[in-house]
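Here are the chains, one letter per residue:
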Amino acid sequence: MSIVTLIARKRRGEALTPTEIEAFVQGFTRGEIPDYQAAAWLMAVCCQGMTSEETTALTLAMARSGRQIDLGDLADRAVDKHSSGGIGDKTTLVVAPLVAAAGLPVAKMSGRGLGFTGGTIDKLESIPGFRTALSPEEFVAQVRRLGLAVARQTPDLVPADAKLYALRDVTATVDCPPLIASSIMSKKIAGGARHIVLDVKVGSGAFLKTLPAARDLAGLMVTIGRQAGRRVAAVLSAMDQPLGGAVGNALEVAEAVATLRGAGPADLRQLALTLGRELLLLAGAAPDPATAEERLAACLDSGAAYEKFCAWVAAQGGDVRAVQEPERLPRAPHRQAIRAPTAGWVTAMDGEAIGWAAVALGAGRTVKDAPIDPAVGFVFRAKIGDRVAVGETLAEVHARTPDQAEQAARQVIQAITIVPEPVSPPPLVHTVLR
């Protein structure tokens, strides 16, 4: 089957058959289709879209491109969570040990940073020694022993997505709903868990800027999951500003640890409780939403979730001292306050601009397979709806050099809008699709 023909047909907006999509996925995975042709196909998909049937076929083909996890007798209770990507989104670091502490096995495959958003794997690897490359056998054994494992795709697990994920990052084909949906759901299906909660981000700091677009993506992923025999719920959460305060890998780990210790930002705690609640409900581990949240809050407040986090870090080779004493995490040598140029109320933040400012510092990637700096990023002190005085600290930049810090500070100032009249903070959760 000619890849050139498939590119041309998709460029014209024609629907491809499952057999044709399977041929593309298998050919690219085996290296028979080079990056430049795959990139052309991705761009054609971005420009012309895919039907729901095409997207499901792409998802299943990607899941079949390698081994799939068999959780055995754990599968009917195991849960998984995924985010469509946002600024400062470290919820997995809280939700995974929280739900595991509540008694449900958590089996999650995750990815690296993509575009201007961070990735869970990059955050975890900022913990010294943390190993994210687990074999399927190690993955299942750890879920069985500890009740929790998070791993990145290894060459034999969803290899098509791993290759496409990296290529999308550097070809301006990230913000395409069929590609986002198939990437997320192929990992979820291959991961083996039967119960999946999707955190679909919407706002200036997400790939999806509008609520209708987020609803469409959420609905598409829920449909794919159900067709694959999974129970799926989607939480549409706001990404009009960074979640919590930290943006940057080690900084986000430290903030997640603070949340697990009961001292984190309120929005991060609440979103973690919301996502965890939906997982408990899907798995039949709680009779109603209120009971589920109460149970999860007790796991946070008692320290059980933090203890599970420490055990998880140790199980995957991480230095637990870096969790117990977050100052041991990678730290940037230069810090600079970003101060309000005028008094008033913070009314808007350009989350995407903030994300690219973090990438420029080294917290993300601009080219395929580039290394990242785990220490750099921002810690925001002000949120939308807050009143600030002239010269008050809006955020703190963590950088390698004073010049980098100064440039980042200018970018962040331009991304924040301050007005003289009071404004209300945006809602954290828009809706839940079950």
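Report on the accompanying structure. (Residues numbered from 1 in each chain as written. Predicted model: local features only at pLDDT ≥ 70, side-chain atom pairs only at ≥ 80, totals over all residues. Heavy atoms only, no water.)

1. Considering the layout of surface pockets
A probe as big as a water molecule, rolled over the atoms, marks out the empty space that is left.
Here comes step 1: Looking at the largest pocket, its volume works out to about 370 Å³.
Here comes step 2: Arg 112, Ala 162, Tyr 165, Ala 166 and Asp 369 are, among the 17 residues lining the largest pocket, the residues nearest its centre.
Here comes step 3: Among the elements that take part in the lining of the largest pocket, helix α8 (residues 159-169) stands out by supplying five residues, more than any other.
Here comes step 4: Here the lining of the largest pocket is composed, by residue class, of six nonpolar, five polar and six charged.
Here comes step 5: If you add up the space inside the second largest pocket, you get close to 270 Å³.
Here comes step 6: Lining the second largest pocket are 16 residues; nearest its centre among them are Leu 251, Ala 254, Arg 331, Arg 335 and His 398.
Here comes step 7: Counting residues per element, the lining of the second largest pocket draws most heavily on helix α11 (residues 249-260), at four residues.
Here comes step 8: Here the residues of the lining of the second largest pocket sort into nine nonpolar, one polar and six charged. (1 Å grid on protein atoms, 1.4 Å probe; cavity = no way out; pocket = protein on both sides within 12 Å on 5 of 7 lines; lining within 4 Å. Points joined across faces, edges and corners; volume = space filled by probe spheres on them. Helix = DSSP H or I, 4+ residues; strand = E, 2+ residues; numbered from the N terminus. Nonpolar A, V, L, I, M, F, W, Y, C, P; charged D, E, K, R; others polar.)

2. Structural notes on unusual backbone geometry
Here comes step 1: In this structure, Val 158 is a non-glycine residue whose phi angle is positive, near 45°.
Here comes step 2: Secondary-structure assignment places Val 158 in the loop between β3 (148-152) and α8.
Here comes step 3: The exposure class assigned to Val 158 is buried, which follows from its relative accessible area of 0%.
Here comes step 4: With a phi angle near 55°, Ala 172 is a residue other than glycine that sits in the positive phi range.
Here comes step 5: Checked against the element boundaries, Ala 172 lands in the loop between α8 and α9 (177-191).
Here comes step 6: Note on Ala 172: relative accessible area 63%, which makes it exposed. (Buried < 20%, exposed > 50% of the residue type's maximum accessible area, 1.4 Å probe, protein only.)

3. Some words on the packing of aromatic side chains
Here comes step 1: Scanning all chains against the criterion turns up five aromatic pairs.
Here comes step 2: Centre to centre, the rings of Phe 24 and Phe 28 are 6.2 Å apart; their planes meet at 0°, and the pair counts as stacked. With Phe 24 and Phe 28 both in helix α2 (residues 18-30) and four residues apart, this pair spans about one turn of that helix. Both residues of the pair, Phe 24 and Phe 28, belong to the buried class.
Here comes step 3: Arranged with centres 5.5 Å apart and planes meeting at 90°, the rings of Phe 309 and Trp 312 form a pair that is edge-to-face. Placement of both Phe 309 and Trp 312 in helix α14 (residues 304-315) is noted, with a separation of three residues, approximately one turn of the helix.
Here comes step 4: The ring centre of Trp 345 lies 5.3 Å from the NZ or CZ of Arg 387, which sits over that ring. (Phe/Tyr/Trp six-rings, centres within 6.5 Å; stacked < 30°, edge-to-face > 60°. Lys NZ or Arg CZ within 6 Å of the ring centre and 35° of its normal.)

4. Overview of the sheet that holds strand β6 (residues 246-247)
Here comes step 1: Strand order in the open sheet formed by four strands is β6-β9-β11-β7, with antiparallel pairing between adjacent strands. Edge positions in the open sheet fall to β6 and β7 (334-339), since each of these has one partner strand only.
Here comes step 2: Bridge count between strand β9 (residues 377-380) and strand β11 (residues 393-399): four bridges; the pairing is antiparallel. Looking at the pairing, Phe 380 lines up with Ala 395 of β11.
Here comes step 3: Contacts from helix α16 (residues 351-361) reach β6, β9 and β11 within the one sheet, and its direction differs from that of β9 by about 140°. (Pairing = 2+ DSSP bridges. Contact = heavy atoms within 4.5 Å. Axes fitted to C-alpha atoms, helices over the stretch in contact; angles between N-to-C directions.)

5. Notes on empty space enclosed by the protein
Here comes step 1: Applying the stated criterion to the full structure yields four cavities of 30 Å³ or more.
Here comes step 2: Roughly 280 Å³ of internal volume is contained in the largest cavity.
Here comes step 3: Along the walls of the largest cavity sit 27 residues, with His 82, Ser 83, Ser 84, Gly 85 and Tyr 165 positioned nearest its centre.
Here comes step 4: Contributing elements (two or more residues each) for the lining of the largest cavity: β1 (79-83), α5 (91-101), β2 (106-110), α6 (120-124), α8 and α9.
Here comes step 5: Take the lining of the largest cavity: its biggest share by element is four residues, from α9.
Here comes step 6: Here the lining of the largest cavity is composed, by residue class, of five nonpolar, 14 polar and eight charged.
Here comes step 7: As a volume, the second largest cavity reaches approximately 160 Å³.
Here comes step 8: Tallied by class, residues from the lining of the second largest cavity come to six nonpolar, 11 polar and five charged.

6. What about the environment of Trp 312?
Here comes step 1: Residue classification places Trp 312 among the buried residues on the basis of a relative accessible area of 0%.
Here comes step 2: Sequence spacing of Trp 312 and Pro 97 is 215 residues, and the spatial spacing of their C-alpha atoms is 7.7 Å.
Here comes step 3: Ignoring any residue separated from it by four or fewer positions in sequence, one finds Trp 312 in contact with Leu 93, Ala 96, Pro 97, Leu 124, Phe 130, Gln 142, Leu 146, Leu 148 and Val 150.

7. Examining the nonpolar core
Here comes step 1: Core analysis: the largest hydrophobic core is formed by 108 residues, its most contacted members being Val 99, Leu 198, Val 200, Phe 309, Trp 312, Phe 378 and Phe 380.
Here comes step 2: A total of eight residues in this core trace back to one element, the largest contributor, which is helix α12 (residues 266-282).
Here comes step 3: Ranked by size, the runner-up nonpolar core spans 24 residues in total, among them Leu 42, Met 50, Ala 57 and Ala 160. (Core = buried A, V, L, I, M, F, W, Y, C linked by side-chain atoms within 4.5 Å.)

8. A look at the environment of Ala 322
Here comes step 1: Relative to the elements of secondary structure, Ala 322 occurs in helix α15 (residues 321-324).
Here comes step 2: For Ala 322 and Pro 128, which are 194 residues apart along the polypeptide, the C-alpha to C-alpha distance reads 7.4 Å.
Here comes step 3: Beyond its immediate sequence surroundings of up to four residues, Ala 322 is in contact with Pro 128, Arg 328 and Leu 329.

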